[in-house]
Amino acid sequence: MGNEQNEGKKFLESVLQYFDHAASFSHLSPGIISQIRACNSVYKVSFPIEVDGKVEVVEGIRVQHSHHKLPSKGGIRFSMQVDEDEVKALATLMTFKCAVVDVPFGGAKGGVKINPRTSSVKTLEKVTRRYAAELIKKNLIGPGMDVPAPDYGTGSREMAWIADTYQALKYGETNALGCVTGKPVGQGGIRGRAEATGLGVYYGIRELLSDTELLKGRGIEAGSMEGRSIIVQGLGNVGYHAAYFCQQDGALITGIAEREGGIYDPNGIDVQDAFKHRSETGSILNYKNAKNIENSVDLLEEECDVLIPAALENQIHSGNAANIKAKIVAEGANGPVTKDAEQILLEKGIIILPDLYLNAGGVTVSYFEWLKNLSNVRFGRMGKRAEESHFRRIVNAIESTSGKTMSANERALLIHGSDEIDLVRSGLEDTMINAYHEIRDVMDKKGIPDLRTAAFLTAIEKIGVSYEALGIFP
Ligand code: GLU
């Protein structure tokens, strides 16, 4: 327990140090900076539940770091390691993450001290519903108030329980489904949310790989994803999808690190197949042709182009940073690199793609889901057919003027109107590309050498604008 608290404390310290460093480049007044930095509210709750005939007390927490825009937004984590400082650090990151990708929300995060791997589904449902009810009682959840989402140890199933509990207690509220995102598609979720964080990680890495200027002198050529060697830590939702999309675009996944150990194969590991192997055998180890790495953190120190820590915070610290050989560290997880470690990595010339930018794809698509819930209509429902008839007229005109007839496949491809998934992917890709270039502009204009400081500064300045616009701060 003491140790876990230390981990949370270290994490929060790192996040605040990152903030303070970036804020030193800002033109905003110290008062506004302090307000942007401060954690607005912390709500802790304990409630009893019955497990196998015995009463157990479960602890939950919800931190709303910032109310500069409403609702506040951020996931709910289920883990025995949950502690106040950790959740504060995560909520703080959410504020800046939303600002970096222009998602108009404040930052929040929740946690429940429960082990989702050893608890029965029945217990998890009871705990999730009760936690949601506790937040509802205090008006701490709602489409205009605070909107949770999945995080470590939770997924669409838990979000469905939360939405259902909210609807039951707020009977008849039209926008009720917007009280939580990351829901199953059948219950107001949006297509493309499940893979959004990992896909965003892929878009971010791809953008950096094509950045000739930034890669100059780093021992890595600018270009496409083709043939890049990638090691991923964590085959959960983020790590799996990030690795999958990079592989689809030609990268070689040379290492996968998980709790029970790691596997390494310089010729590349098929991510989907390795995932299946782990589900079937209960372990990532003993995967065909790959070398077992008993202590999976050793894998982080292997040679590769891109290392994607996509598990938990504080994974790269002052104790192992000097041994990292990757050219790029792409933060799929929140807070995987401590402030001390960052210093060491930057001195080695390693480029860090920071969490507050790189894993913002999840909250970006959560924003789209929330918009869908508020409008109560699926994206593409109104326009798809109109778009298709417009394209059909163009294709017909091309055929009649050229005198050539297109194949059925070509026609179908050209005529296809945008579905929800097309629009979500397009919005996500555009968001990740734009945010990357905004951060790079700030680096250039302010002479900032690293992406994290520039990302924090971009976010701080955007949030500052909303406070300054109020005119109440000198
Ligand atoms: N838990 C995710 C994160 O850390 C998603 C948050 C959300 O979609 O609100 O970004």
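Residues numbered from 1 in each chain as written. Predicted model: local features only at pLDDT ≥ 70, side-chain atom pairs only at ≥ 80, totals over all residues. Heavy atoms only, no water.

**So, the site of the ligand**
Around the ligand sit 14 residues in total, of which K73, K97, K109, D151 and S366 are the nearest. Here an oxygen atom of the ligand sits 2.7 Å away from a polar atom, N or O, in the side chain of K97. Side-chain polar atom of R193 to an oxygen atom of the ligand: 3.0 Å apart, as the coordinates give it. When the ligand is considered free in solution it has 300 Å² of accessible area, and contact with the protein chains removes 94% of it. Mapped by element, the contributors of at least two residues to the shell around the ligand are strand 3 (72–78), helix 3 (84–100), strand 5 (146–150) and helix 12 (361–375). A class-by-class count of the residues in the shell around the ligand yields four nonpolar, five polar and five charged. (Near = heavy atom within 4 Å. Polar contact = N/O pair within 3.5 Å; in protein donor to acceptor, adjacent residues only side chain to side chain. Areas by Shrake-Rupley, 256 points an atom, 1.4 Å probe, with all protein chains shown as cover. Helix = DSSP H or I, 4+ residues; strand = E, 2+ residues; numbered from the N terminus. Nonpolar A, V, L, I, M, F, W, Y, C, P; charged D, E, K, R; others polar.)

**Quick look at the pattern of salt bridges**
Inspection of the entire model under this criterion finds 37 salt bridges. In this structure, K462 and D102 form a salt bridge, with 3.0 Å as the shortest nitrogen-oxygen distance. In this pair, K462 sits in helix 16 (residues 451–470) while D102 sits in the loop between helix 3 and strand 4 (106–112), placing the two residues 360 residues apart along the sequence. Judged by its relative accessible area of 48%, D102 is partly exposed. When its relative accessible area of 24% is taken as the criterion, K462 is described as partly exposed. Several salt bridges share partner residues, and in doing so they unite R77, E86, K109, D151 and E313 into one network. (Salt bridge = Lys/Arg side-chain N within 4 Å of Asp/Glu carboxyl O. Buried < 20%, exposed > 50% of the residue type's maximum accessible area, 1.4 Å probe, protein only.)

**Details of the environment of G178**
Counting through the fold element by element, G178 comes out in the loop between helix 5 (156–169) and helix 6 (196–209). Judged by its relative accessible area of 0%, G178 is buried. As a C-alpha pair, G178 and G155 span 23 residues in sequence and 16 Å in three-dimensional space. Beyond its immediate stretch of four places on either side in the chain, G178 contacts P143, V147, W370 and N373. (Contact = heavy atoms within 4.5 Å.)

**Considering the nonpolar core**
Grouped together as the largest cluster of nonpolar side chains are 109 residues, with contacts concentrated most on I205, I308, I316 and L353. Ignoring any residue separated from it by four or fewer positions in sequence, one finds I316 in contact with L300, L307, P309, A321, I324, V329, P336, V337, T338, A341 and L345. Grouped together as the second largest cluster of nonpolar side chains are 26 residues, I49, I114, L140 and M159 included. (Core = buried A, V, L, I, M, F, W, Y, C linked by side-chain atoms within 4.5 Å.)

**A look at the pairing of strand 4**
The buried fraction of strand 4 is high, at seven of seven residues. The two faces of strand 4 match: G106, A108, G110 and V112 on one face and G107, K109 and G111 on the other face are all buried. For strand 3 and strand 4, the ladder comprises five bridges, and the chain directions are parallel. Bridging across to strand 4, S72 finds its partner in G106. Crossover handedness for the path strand 3 to helix 3 to strand 4: right-handed. (Pairing = 2+ DSSP bridges. Right-handed = clockwise from strand over helix to strand, strands pointing away.)

**Topic: the packing of aromatic side chains**
Within this structure, the stated rule accounts for twelve aromatic pairs. Seen from their ring centres, F105 and W370 are 4.9 Å apart, and the 90° between their planes marks the pair as edge-to-face. Placement of the pair is F105 in the loop between helix 3 and strand 4 and W370 in helix 12, with a sequence separation of 265 residues. With 6.0 Å between their ring centres and 35° between their planes, Y367 and F368 make a pair best called tilted. Grouping residues by exposure puts Y367 and F368 together as buried. A connected cluster of aromatic rings, assembled from ring pairs, spans Y18, F19, F96 and F456. For R452, the ring lying beneath its charged end belongs to Y18, and the centroid distance is 4.0 Å. (Phe/Tyr/Trp six-rings, centres within 6.5 Å; stacked < 30°, edge-to-face > 60°. Lys NZ or Arg CZ within 6 Å of the ring centre and 35° of its normal.)

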